[in-house]
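# Structure assessment
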Amino acid sequence: MTPPDLPPFADEGRRPDPAKLARQAQMDHLSQVPLLQACSKRELRRLAQATRLELIEAGQPLIIEGRDSHEAYVVVAGRATVRRNGRKIAEVGPGDVVGELGLILRRQRESTVTADTPLEVLVLERRALRTAVEEVPGLGWKLLETVSDRMAENASSRRSRRA
């Protein structure tokens with residue numbers, strides 16, 4: 001008989017696989033990202049396999065304006081401020097993605113993102129994203145739609161600031 005404070009599988013000699021639990025948590029986080037909500041479980045699973053979790057201390061930069069782009073980030077927990085030319089343009093939090101345009105378009109960073117609180121982020125590198133897109137063709141189209149939308153939003157906000 002299993003003592004009441006142990007999980008039901010404890011008497012069977014099995015233990016949960018920490019890597020599998022972490023991957024499931026990453027899939028859960030990715031499924032909450034508006035950018036990825038149209039993705040299937042298979043697509044999310046492949047993306048989760050391509051990410052790693054990083055912790056960023058409050059006050060530290062996640063992205064620095066003018067630097068080369070090699071990763072995109074999904075905010076899992078915490079808050080950050082986005083600044084362009086030193087001016088605050090946005091705040092980001094859980095479920096937000098930053099750095100995807102520079103990553104896909106191979107552009108230098110257009111803004112600086114600094115952690116206001118400790119941040120947990122999923123990191124997606126260009127090579128891992130490319131592999132995921134090649135293995136899951138529908139994913140590429142979804143990302144193309146998202147990047148197009150983001151570029152249109154950026155162009156619209158720049159025009160409205162000039163007016």
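Residues numbered from 1 in each chain as written. Predicted model: local features only at pLDDT ≥ 70, side-chain atom pairs only at ≥ 80, totals over all residues. Heavy atoms only, no water.

### Focus on the nonpolar core
Formed by 22 residues in total, the largest nonpolar core has its most connected members in Leu 30, Leu 36, Leu 47 and Leu 139. Not counting residues up to four positions away in its chain, the partners in contact with Leu 30 are Leu 36, Leu 44, Leu 47, Ala 48, Val 74 and Leu 122. Counting residues in hydrophobic clusters, the runner-up holds 14 residues, among them Ile 63, Tyr 73, Ala 115 and Val 121. (Core = buried A, V, L, I, M, F, W, Y, C linked by side-chain atoms within 4.5 Å. Buried < 20%, exposed > 50% of the residue type's maximum accessible area, 1.4 Å probe, protein only. Contact = heavy atoms within 4.5 Å.)

### Some remarks on the side chain of Thr 51
Its location among the elements puts Thr 51 in strand S1 (residues 51–56). In this structure the side chain of Thr 51 is engaged in a polar contact, spanning 3.0 Å, whose partner is the backbone oxygen of Ala 48. If we ignore the near neighbours within four places in the chain, the residues touching Thr 51 are Arg 23, Gln 26, Leu 122, Val 123 and Leu 124. (Helix = DSSP H or I, 4+ residues; strand = E, 2+ residues; numbered from the N terminus. Polar contact = N/O pair within 3.5 Å; in protein donor to acceptor, adjacent residues only side chain to side chain.)

### With respect to the environment of Val 133
Along the chain, Val 133 falls in helix H4 (residues 126–135). For Val 133, a relative accessible area of 26% translates into the label partly exposed. Along the sequence, Val 133 and Leu 47 sit 86 residues apart, while their C-alpha atoms lie 8.9 Å from each other. The contacts of Val 133, once residues within four sequence positions are left out, are Leu 139, Gly 140 and Leu 143.

The quantities given are spatial measurements derived from coordinates; they are silent on function.
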